[in-house]
Amino acid sequence: MPKEYPNVPTGLKNPLLEDIQFVQARIAQLKQRTKRFYYSVLLGKYNCPKCSGGLTMTDKSQCLCSCGNIFDPTLAFQKSTCCGAQLVRRTFHYACSRCKKTNPSRFIFDERIFDGEYFSRMMKASRAKKLKKKAEMTKLLMESRSGELPLLQQPCLESIPGLVQDLDCFVGADEGKTDDLGFDSGFEMEDYRSHILTALGCGSRLFSSINYVSQDPREDRVWRFVTLIFMQHEQEIDLTQYDNDLLIERI
Ligand SMILES: [Zn+2]
Ligand SMILES: [Zn+2]
């Protein structure tokens, strides 16, 4: 009967790794026992400042007496080694209250102190700072916006000298009968569109299976393709490529 390893991926069958979880669990157990023993020996030397009762460690930097007194044993029982002064708790360590030098705590076993309150305060401050920055950025962007443009009359293209000619030139309206592709520009997209829609009906067709409109097959392919792109843009059809062909579907 094979052993069950809940945290080990099934693909992990290396026999050297199979028992590692049990070794790790044993080490953690040993560490826990050693820690308990260490604290029982250490706290055996001290008594509760309120009732002189025995103490037990309940958390990091926290011990408890049966009278209900909960306190930090490092602050209560340990003095700084440098000046013999009271210690103060910092974010990650204890320091001498007189010369500020770091003093390791006897009451911390193999771990750092972690000031949860400090980190929650820092996180809160960081979030507030982020929000403030965002609000400032929004305000800055609002202020840099251009004013409203009231359109009180129809725009007149002729009011800007040469604009109409430039626009015509840009869209190629003044070009002769032959376009950039070298075809006769007798192209009527609407003819192609209705031809494609008729061919499609309510279903789908392959690009190659649609009959020609023009006499020139090469020209026809180009115009059919251009028309399809426009139709896709208008969301009349959907195009999907299959190898060297296109599947055209009504939307
Ligand atoms: Zn007590
Ligand atoms: Zn000191």
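Our subject is the structure that appears above.
Heads up: these notes are all about the structure in this document. Keep in mind the model is a prediction, meaning the values are calculated, not measured.

**With respect to the coordination of the zinc ion (ligand 2)**
Around the zinc ion (ligand 2), the protein contributes the donor atoms Cys-82 (SG), Cys-83 (SG), Cys-96 (SG) and Cys-99 (SG), at 2.2 to 2.3 Å from the metal centre. Viewed at the metal, the 4 donor atoms of the zinc ion (ligand 2) are separated by angles of 99 to 120°, and the geometry they form is tetrahedral. Within one chain, the residues donating to the zinc ion (ligand 2) are spaced in sequence as C-C-x12-C-x2-C. Among the residues examined, Cys-82 registers a relative accessible area of 33% and is labelled partly exposed. On the accessibility criterion, Cys-83 (29% relative accessible area) is partly exposed.

**Here we look at the packing of aromatic side chains**
If you walk through the whole model with that rule in mind, you get 6 aromatic pairs. Pairing Tyr-46 with Phe-77 gives two aromatic rings, centres 4.5 Å apart and planes at 20°, and the pair type is stacked. Taken together, the positions of Tyr-46 in the loop between α2 (20-43) and β1 (55-59) and Phe-77 in helix α3 (residues 73-77) put the pair 31 residues apart, joining distant regions of the chain. For Tyr-46, a relative accessible area of 14% gives the class buried.

**With respect to the packing of helix α6 (residues 189-200) against helix α7 (residues 217-233)**
Closest axis-to-axis distance for the α6/α7 pair is 9 Å, and the angle between their directions is 80°. Classified by the angle between their axes, α6 and α7 sit roughly perpendicular to one another. For the pair α6 and α7, contact is made by Met-189, Tyr-192, Arg-193, Ile-196 and Leu-197 and by Asp-220, Trp-223, Arg-224, Val-226, Thr-227, Leu-228, Phe-230 and Met-231, respectively. Partitioned by chemical class, the residues of the contact of α6 with α7 number 9 nonpolar, 1 polar and 3 charged.

Reading the values: rules and limits
Residues numbered from 1 in each chain as written. Chains lettered and ligands numbered in written order. Predicted model: local features only at pLDDT ≥ 70, side-chain atom pairs only at ≥ 80, totals over all residues. Heavy atoms only, no water. Donors = N, O, S within 2.8 Å, 3.2 Å for Na, K, Ca; no water. Tetrahedral: all angles 85-135°; square planar, octahedral: opposite > 155°, others 65-115°. Buried < 20%, exposed > 50% of the residue type's maximum accessible area, 1.4 Å probe, protein only. Phe/Tyr/Trp six-rings, centres within 6.5 Å; stacked < 30°, edge-to-face > 60°. Helix = DSSP H or I, 4+ residues; strand = E, 2+ residues; numbered from the N terminus. Axes fitted to C-alpha atoms, helices over the stretch in contact; angles between N-to-C directions. Parallel < 35°, antiparallel > 145°, perpendicular 65-115°, else oblique. Contact = heavy atoms within 4.5 Å. Nonpolar A, V, L, I, M, F, W, Y, C, P; charged D, E, K, R; others polar.

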